[in-house]
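Examining the three-dimensional arrangement
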Amino acid sequence: MAVEIKSQMEIELMREAGRILALTHEELKKAIRPGISTYEIDQIGENFIRSQGCIPSFLNYNGYPASICVSVNDEVVHGIPSKHRILKEGDIVSLDAGVIYKGYHSDSARTYGVGKISEEAQKLIDVTKESFFEGLKAARAGNHISDISKAVYDYITERGYTAVKDLVGHGVGAHLHEDPEVPNFPTGRRGAKLRPGMTIAVEPMINIGGYEVEWLDDDWTVVTKDGSLSAHYENTILITEGDPEILSKADGIEL
Ligand code: MF3
Ligand code: CO
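Below, the structure is looked at part by part. (Residues numbered from 1 in each chain as written. Chains lettered and ligands numbered in written order. Predicted model: local features only at pLDDT ≥ 70, side-chain atom pairs only at ≥ 80, totals over all residues. Heavy atoms only, no water.)

**A look at the nonpolar core**
Core analysis: the largest hydrophobic core is formed by 29 residues, its most contacted members being Ile-32, Ile-41, Ile-68, Leu-87, Val-93 and Leu-95. Elements with a minimum of two residues in this core: helix 1 (8–31), helix 2 (38–51), strand 2 (68–72), strand 4 (92–101) and strand 5 (104–113). Considering every element that reaches this core, the biggest residue donor is helix 1, with eight residues. Excluding anything up to four places from it in sequence, Leu-95 contacts His-25, Leu-28, Ile-32, Ile-41, Ile-68, Cys-69, Val-70, Ser-108, Ala-109, Arg-110 and Tyr-112. Formed by 16 residues, the second largest nonpolar core is a distinct cluster that contains Val-3, Leu-136, Ile-148 and Ile-239. (Core = buried A, V, L, I, M, F, W, Y, C linked by side-chain atoms within 4.5 Å. Buried < 20%, exposed > 50% of the residue type's maximum accessible area, 1.4 Å probe, protein only. Helix = DSSP H or I, 4+ residues; strand = E, 2+ residues; numbered from the N terminus. Contact = heavy atoms within 4.5 Å.)

Here it is, written out as structure tokens:
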């Protein structure tokens, strides 16, 4: 399918969705501490999103039962919040959230440490975030999707990490998932040519150990096969005539 080019009006709605999503992540970040359940994190996120007049886009998406994906340690993505899952000092936790504002989506993810974490875990979180920004540098009109993939992949492999292959970034707009796919690894194809007005979610999912993942019996939670730690960092971005624009951001809020 052809990749959509968004109108100025659509981009404006996606900026607002992205601003509210950034504020949502800020609320979630403040809540992260040893002793909180992943269910409570989901509730804080859902309540905040609704308080801003938005809809949590993940809730009921293909049957997903919550508003925030909360993935702990070896969980890569799509962890289902639970009253029985309590964060403890030393954990790392990935929070993936999506909002809909007037029909338009924004999608972003962050990974945080819970209390004091190991140097090894912090390094994984940092490199995962940095790899997004490497990908961002390649997100320029005239380049192809594969340029983003290569930038992310080279950055993390040079540092000894692996990129998950069973899940990819994606176009985003009136739907949470649109064309094109945005892999974090080389596929042997160039992928779509980037043009101004394309909006995509770039989302490195990076492991300390092997790249292989598997699904838990809940049919959602993706975990690393070898049990190694995994981190996730994602923003919704806009391809422009010049520098790419991060849409899932708000003034005064750290990316
Ligand atoms: N951010 C996730 C992604 O792009 C969306 C979560 S899917 C859901 O894949 F079903 F959990 F909502
Ligand atoms: Co996404």
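There's more to say after this.
**Quick look at the site of ligand 1**
Near ligand 1, the surroundings consist of Phe-58, Tyr-61, Tyr-64, Cys-69, His-78, Asp-96, Asp-107, His-170, His-177, Glu-203, Trp-220 and Glu-234. Side-chain polar atom of Asp-96 to a nitrogen atom of ligand 1: 2.7 Å apart, as the coordinates give it. Contact distances for ligand 1 include 3.0 Å between an oxygen atom and a side-chain N or O atom of His-177. Grouping the amino acids of the shell around ligand 1 by side-chain chemistry returns five nonpolar, three polar and four charged. (Near = heavy atom within 4 Å. Polar contact = N/O pair within 3.5 Å; in protein donor to acceptor, adjacent residues only side chain to side chain. Nonpolar A, V, L, I, M, F, W, Y, C, P; charged D, E, K, R; others polar.)

**A closer look at the sheet that holds strand 10 (residues 205–207)**
Within a sheet, neighbouring strands are paired by backbone hydrogen bonds and run either parallel or antiparallel to one another. Strand order in the open sheet formed by three strands is 6-10-13, and the pairing between neighbours is antiparallel. For this open sheet the edge positions go to strand 6 (162–163) and strand 13 (230–232), each flanked by a neighbour on one side alone. Against the sheet, helix 3 (residues 119–137) engages strand 10 and strand 13, with an angle of about 35° to strand 13. (Pairing = 2+ DSSP bridges. Axes fitted to C-alpha atoms, helices over the stretch in contact; angles between N-to-C directions.)

**Describing the coordination of the cobalt ion (ligand 2)**
Listed as protein donors to the cobalt ion (ligand 2) are Asp-107 (OD), His-170 (NE2), Glu-203 (OE) and Glu-234 (OE); their distances from the metal cover 2.1 to 2.3 Å. When the donor residues of the cobalt ion (ligand 2) are listed from N- to C-terminus, their spacing reads D-x62-H-x32-E-x30-E. Here Glu-203 lies in the loop between strand 9 (199–202) and strand 10 and Asp-107 lies in strand 5, a separation of 96 residues in the sequence. For the pair formed by Asp-107 and Glu-203, the shared burial category is buried. (Donors = N, O, S within 2.8 Å, 3.2 Å for Na, K, Ca; no water.)

**Quick word on the packing of helix 3 against helix 4 (residues 145–158)**
Put simply, helix 3 and helix 4 touch, their axes get as near as 8 Å, and they point 150° apart. Handedness of the crossing formed by helix 3 with helix 4: right-handed. Contact residues: helix 3 offers Val-127, Glu-130, Ser-131, Glu-134 and Gly-135, while helix 4 offers Ile-148, Ala-151, Val-152, Tyr-155 and Ile-156. For the contact of helix 3 with helix 4, a count of residues per class yields six nonpolar, two polar and two charged. (Left-handed = near helix turned anticlockwise from the far one by under 90°.)

**As for the packing of helix 1 against helix 2**
Following both chains from N to C, one finds helix 1 and helix 2 inclined at 150°, their axes separated by 9 Å at the closest point. As the angle between them shows, helix 1 and helix 2 are arranged roughly antiparallel. Relative to helix 2, helix 1 is oriented so that their crossing is right-handed. Side by side, helix 1 and helix 2 meet where Ile-20, Leu-23, Thr-24, Glu-27, Leu-28 and Ala-31 of the first sit next to Ile-41, Ile-44, Gly-45, Phe-48 and Ile-49 of the second. For the contact of helix 1 with helix 2, a count of residues per class yields eight nonpolar, two polar and one charged. (Parallel < 35°, antiparallel > 145°, perpendicular 65-115°, else oblique.)

**Quick word on the pattern of salt bridges**
In this structure the tally under the stated criterion is 16 salt bridges. For Glu-12, the salt bridge goes to Arg-15, with nearest N and O atoms at 2.8 Å. Remark: Arg-15 and Glu-12 occur in helix 1; sequence separation between them is three residues, near one turn of the helix. Look at Glu-12 and you get partly exposed, because its relative accessible area is 46%. With relative accessibility at 26%, the residue Arg-15 sits in the partly exposed group. Between Arg-50 and Glu-46 there is a salt bridge, with the nearest N and O atoms lying 2.9 Å from each other. (Salt bridge = Lys/Arg side-chain N within 4 Å of Asp/Glu carboxyl O.)

All we've got here are geometric facts, nothing functional implied.
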